[in-house]
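Structure at a glance
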Amino acid sequence: MPLMAAAHSSPSGALEALERLRRALGERRAFLIYSHMNPDPDTVGSALGLRFLLEQVFERKAALCYRGIIGRAENRELVRLLAKDLKPARMVPQEQYEASFLVDCQPDFGFDSEVDRVPLLGVFDHHPDSGSAAGLPFSDIRSAYGSTSTIITEYIRASGMEPGAVVATALWYGLKTDTQDLSRRTGAADEDARDWLVPRIDRATLAAIENPKLSRSYYTNLMTALARAVSWRELVMTEIGRLPYPDMVAEIADRLIRMEQVQWSMCCGLHEKRLYLSVRTSHPTLDAGLLVKRVLRGRGAGGGHDTMAAGRIELADEGRETYRVAVEDLWSRFREELGLHSVEGVRVVEHAPEGPRVGGAWSA
Ligand SMILES: [Mn+2]
């Protein structure tokens, strides 16, 4: 269908963006779409939406892949129900693709040229522009948008094509989770995308994704996290040792930030020689991403948004002592940065069978 037909009903500039993408594709026929490491709903929704564009609008071949682990039960259900063919990068015959796209991140964070063999053609992202996409033939980075799914939705609307319930549901779930139901980091573009997507989604599938069964080990890890949690006034921190999957630290940080009087939550754990950490804040002015960058300076990599951030530290080995020393150092850095170094820590669950293993007086 001619693209101009949809011009009147799509956001301004969207048609130009679609044309820019068409030109960037050139004569290439087959594309690989990389989600970011340890994919979340926004990167999965964006990848499905971009594949729809490449296949249905531009009549090319496109496949999806990811690196890392899909851990969170909701994300596993999302992939099981809507993106069955999202494959680990190592299982994809990368030589069959001429060019690749990266969605919901930028090359300095989400692309590893050692592993990701298909030459990068472009990125779609809504994180602050790191400058690392500057040399690419195509990039669309809009940091004022609540999600990458919002950006991709604009392209689909501009194309005038109907995406169907699978793609619409995945895009809506990506937008919904990244903006906590459009309650934060959100603007008119996100609301516009919501109004367009919601009538197209499959509500029963969405409900199934949002309420998945949880594994027994999930509850074990939750118990460990609570038993080892310590608070210093408005800061609460915990660690769960060996992680079933890296995302687990984010799930715990999400739960702890809801505690009364708490403005900062942090959870960390170990996965294959890496210490992963996740931070949440409800502080009205301070920025979680900046705090994590300061804490990790010279120690590891990390960053994020105003209310949530994540990071990782490469450890020399997976040994218990190496991990304990790294956690002690991390906890002390957080307390220092938040001016809580002289405040005494208090166990969150006083009579838990197992207490905190780090944090000074509580060591056992
Ligand atoms: Mn996102």
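The residue count restarts for each chain, going from 1 along the sequence in the order it is written. Where local features are concerned, this predicted model is filtered to residues with pLDDT of at least 70; where side-chain atom pairs are given and counted, the filter is 80 or more; whole-chain, interface and lining totals use all residues.

A few points about the nonpolar core
By definition, a nonpolar core groups buried Ala, Val, Leu, Ile, Met, Phe, Trp, Tyr and Cys residues that are joined through C-beta atoms within 7 Å. Exposure criterion: with C-beta atoms placed from backbone coordinates, a residue whose C-beta has 20 or more other C-beta atoms within 10 Å is buried, one with 12 or fewer is exposed, and one in between is partly exposed. Counting 103 residues, the largest nonpolar core has I33, V249, C267, L277 and V279 as the members making the most contacts within it. Each helix corresponds to a stretch of at least 4 residues labelled H or I by DSSP, and each strand to a stretch of at least 2 residues labelled E; elements are numbered beginning at the N terminus. Looking at this core, the element that brings in the most residues is helix α2 (residues 41-57), giving eight residues. Domain segmentation is taken from an automatic or database assignment of domains. Residue-level mapping places this core at the junction of two domains, with at least three residues from each of domain 1 (3-210) and domain 2 (216-347). For the purpose of contact definition, each residue receives a C-beta atom placed from its backbone, and two residues are in contact when these atoms lie within 7 Å. Setting aside anything within four residues of it in sequence, one finds V249 in contact with L243, C267, C268, G269, Y276, L277 and S278.

Observations concerning the confidence of the model for the protein chain
Scored by pLDDT, the protein chain has a mean of 92; 95% of the residues are at 70 or more. Long-range and interchain partners of residues 1-8, a stretch whose pLDDT sits below 50, account for eleven contacts in this model, where long-range means more than four residues apart. What pLDDT expresses is the predictor's confidence in each residue, scored from 0 to 100. A low-confidence stretch, residues 360-364 stays under pLDDT 50, and its non-local contacts, those more than four residues away or across chains, total ten contacts.

Quick word on the environment of L315
For L315, the location among the structural elements is in the loop between β12 (308-314) and α12 (320-337). Setting aside anything within four residues of it in sequence, one finds L315 in contact with K273, R274, L275, T322, Y323 and A326.

Concerning the sheet that holds strand β11 (residues 301-304)
Whether two strands pair depends on DSSP finding at least two bridges between them. Pairing is mixed across the open sheet formed by seven strands, whose spatial order is β11-β12-β10-β9-β8-β7-β13. For this open sheet the edge positions go to β11 and β13 (346-347), each flanked by a neighbour on one side alone. Lines fitted to C-alpha atoms define the axes here, with helix axes fitted over just the stretch in contact, and angles between the N-to-C directions of these axes take values from 0 to 180 degrees. Its contacts with the sheet place helix α10 (residues 248-256) against β8 (235-242), β9 (264-271), β10 (274-281) and β12, and it is angled at close to 160° to β9. Sheet strands touched by α12: β7 (230-232), β8, β9, β10 and β12. Its angle to β8, the strand with the most contacts, is close to 165°.

Comments concerning the pairing of strand β2 (residues 61-66)
In terms of burial, β2 is a largely internal element, five of the six residues being buried. As paired strands, strand β1 (residues 30-34) and β2 are joined by five bridges and run parallel to one another. Looking at β2, one finds that I33 is bridged to L64. Viewed with both strands pointing away, a crossover whose connecting path from the first strand over the helix to the second turns clockwise is right-handed. With α2 bridging β1 and the parallel β2, this β-α-β connection has right-handed handedness. Pairing geometry for β2 and strand β3 (residues 87-88), over two bridges, is parallel. From the neighbouring strand, Y66 faces β3, where its bridge partner is P88. In this fold, the crossover linking β2 to β3 by way of helix α3 (residues 73-82) has right-handed handedness.

Let's talk about α10
Burial runs high along α10: seven of the nine residues are buried. All of the buried residues along α10 are M248, V249, A250, E251, I252, A253 and L256. Buried residues in α10 make contact with α9 (216-227), β8, β9, β10 and β12.

Structural notes on the domain arrangement of the protein chain
On domain assignment, one finds that the protein chain holds domain 1 (3-210) and domain 2 (216-347). For domain 1 and domain 2, the distance between their C-alpha centroids amounts to 29 Å. Taken together, the contacts link eight residues of domain 1 with nine residues of domain 2. Under the scheme applied, nonpolar residues are Ala, Val, Leu, Ile, Met, Phe, Trp, Tyr, Cys and Pro; charged residues are Asp, Glu, Lys and Arg; polar residues are all the others, including Gly. Here the residues of the side of domain 1 that touches domain 2 sort into two nonpolar, three polar and three charged.

Looking at the pairing of strand β5 (residues 120-125)
The element β5 is largely enclosed, with a buried count of six among its six residues. Pairing of strand β4 (residues 99-103) with β5, which is carried by four bridges, proceeds in the parallel orientation. Across the sheet, L102 pairs through a bridge with V123, a residue of β5.

Quick look at the sheet that holds β1
The strand order β3-β2-β1-β4-β5-β6 describes an open sheet built from six strands, whose pairing is parallel. Edge positions in the open sheet fall to β3 and β6 (138-141), since each of these has one partner strand only. Relative to β5, helix α5 (residues 148-159) is tilted by about 110°, and along the sheet it contacts β4, β5 and β6.

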